[in-house]
Amino acid sequence: MVPLHSQASPDVPRMWGQELRSLREATGAPIAFGGPVTDGGLRLQHFDGTRTGLLSGLAISLGAGVGGRALGERQVVGVDDYRTAHDISHDYDVPVLTEGIRATVAAPVVVGAAVRGVIYAALRESPGLGDRLKTATSAAARALARKLAVEDEIDRRVAARLATVERTRARALERLRKVHSGLHALHRSTSDEALRERIAALLDEASGPPSPAPSGQASGEVPVLSARELAVLSLVATGRTYASVAADLGISPMTVKSYMRDILLRLDAHTRHEAVVVARRHGLIP
């Protein structure tokens, strides 16, 4: 089984193009082409010197044709005359022969333990491949493999960095939620009106401005929740049970449920989790 790898980076097609052009320049071969491994097979996507579009997007099965053999055997495979070759399958005769290909060589692009693609060089006449074309095609495949390995490492480091940033953000957000919950509790417990007003201002500051709506989704009006509804939802957002929220607020669990029913209606949400997501998107709770 050939491992499946992503080649989604916009730099990857440019890398293929550079190697195919260099291969033609180094060998004088009129055609160079190739493509990545996907779903256990090969798909031809990159071309230099072709005259028709029949090879474009062609799916090459493992072991089939010259490229399929190179993919399966993980080594350079070549034929002096494609039309009369007996050691390859002829599944792709129509596009290959219409392109005028005779002698052709294919080399696997091996990164680590995986074959990531196959590079071909082809002649429209059949004077015999010779070692020079095989060596150059193999060298082009190795050069592309090195570039893909560098691209993989860049992707790995970026992904690791993003994961670190996300973990840091999650920890900071959790601390903010605890502070927010504590401020609500303090706001309820104090009888000092000036202090209550100051705490209310801090709660407004902690909530922040509404977050932008996701792309393609209208932002709509910001839902309006009462101070008690915000207090209930803030505590529910921390994972507290209704009983725990009720004890903290000095009300009954049934009253908490009643508040949550109203909150779900105001936020057009169907579950507690969805209500929390919508409220955070609008900046109502941290």
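Residues numbered from 1 in each chain as written. Predicted model: local features only at pLDDT ≥ 70, side-chain atom pairs only at ≥ 80, totals over all residues. Heavy atoms only, no water.

## Topic: helix α1 (residues 11-27)
Thinking step 1. Here α1 is 17 residues long and its end C-alpha atoms lie 25 Å apart, about the 24 Å a rise of 1.5 Å per residue gives.
Thinking step 2. Residues of α1 that are buried include every one of Val12, Met15, Trp16, Gly17, Glu19, Leu20, Leu23 and Thr27, and no others.
Thinking step 3. Residues of α1 that are buried in the fold lie against β1 (31-38), β3 (46-48), β6 (104-111), β7 (114-122) and α4 (130-189).
Thinking step 4. Gly28, located one to two residues past α1, shows a positive phi value of around 80°. (Helix = DSSP H or I, 4+ residues; strand = E, 2+ residues; numbered from the N terminus. Expected span 1.5 Å × (residues − 1). Buried < 20%, exposed > 50% of the residue type's maximum accessible area, 1.4 Å probe, protein only. Contact = heavy atoms within 4.5 Å.)

## Regarding the pattern of salt bridges
Thinking step 1. As enumerated under the stated definition, the model contains 11 salt bridges in all.
Thinking step 2. Between Asp81 and Arg83 there is a salt bridge, with the nearest N and O atoms lying 3.8 Å from each other.
Thinking step 3. Residue Asp81 is classed as buried on the basis of its relative accessible area of 15%.
Thinking step 4. Taking relative accessible area as the criterion, Arg83 reaches 49% and is therefore assigned partly exposed. (Salt bridge = Lys/Arg side-chain N within 4 Å of Asp/Glu carboxyl O.)

## Considerations on the packing of aromatic side chains
Thinking step 1. Scanning all chains against the criterion turns up 2 aromatic pairs.
Thinking step 2. Between Phe33 and Phe47 the ring centres are 6.3 Å apart and the planes differ by 20°, which places this aromatic pair in the stacked class. One end of the pair, Phe33, is in strand β1; the other, Phe47, is in strand β3, with 14 residues separating them in the sequence.
Thinking step 3. Between Phe33 and Tyr120, the ring centres sit 4.3 Å apart and the planes meet at 15°, which makes this aromatic pair stacked. Separated by 87 residues along the polypeptide, Phe33 in strand β1 and Tyr120 in strand β7 bring together distant segments of the chain. Like Phe33, the residue Tyr120 is buried in the burial classification.
Thinking step 4. Members of the aromatic cluster, each reached through a chain of ring pairs, are Phe33, Phe47 and Tyr120.
Thinking step 5. Its guanidinium or amino end placed over the ring of Tyr242, Arg272 lies 4.9 Å from that ring's centre, counting from NZ or CZ. (Phe/Tyr/Trp six-rings, centres within 6.5 Å; stacked < 30°, edge-to-face > 60°. Lys NZ or Arg CZ within 6 Å of the ring centre and 35° of its normal.)

## Focus on the confidence of the model for the protein
Thinking step 1. Here the protein averages 85 in pLDDT, and 91% of its residues register 70 or above.
Thinking step 2. By mean pLDDT, helix α5 (residues 193-207) is the weakest element of the protein at 79, and β3 is the strongest at 97.
Thinking step 3. Note that residues 210-219 has pLDDT below 50 and, in this model, 14 contacts with residues that lie over four places away or in other chains. (pLDDT = per-residue confidence, 0-100.)

## Considerations on the nonpolar core
Thinking step 1. Membership of the largest hydrophobic core comes to 25 residues, with the highest contact counts inside it found for Phe33, Leu44 and Tyr120.
Thinking step 2. Secondary structure elements with two or more residues in this core: β1, α2 (65-73), β5 (77-79) and β7.
Thinking step 3. The element that contributes the greatest number of residues to this core is β7, accounting for 4 residues.
Thinking step 4. Sequence-distant contacts of Phe33, defined by excluding residues within four places in its chain, comprise Leu20, Leu44, His46, Phe47, Leu55, Ile101, Val118, Ile119, Tyr120 and Ala122. (Core = buried A, V, L, I, M, F, W, Y, C linked by side-chain atoms within 4.5 Å.)

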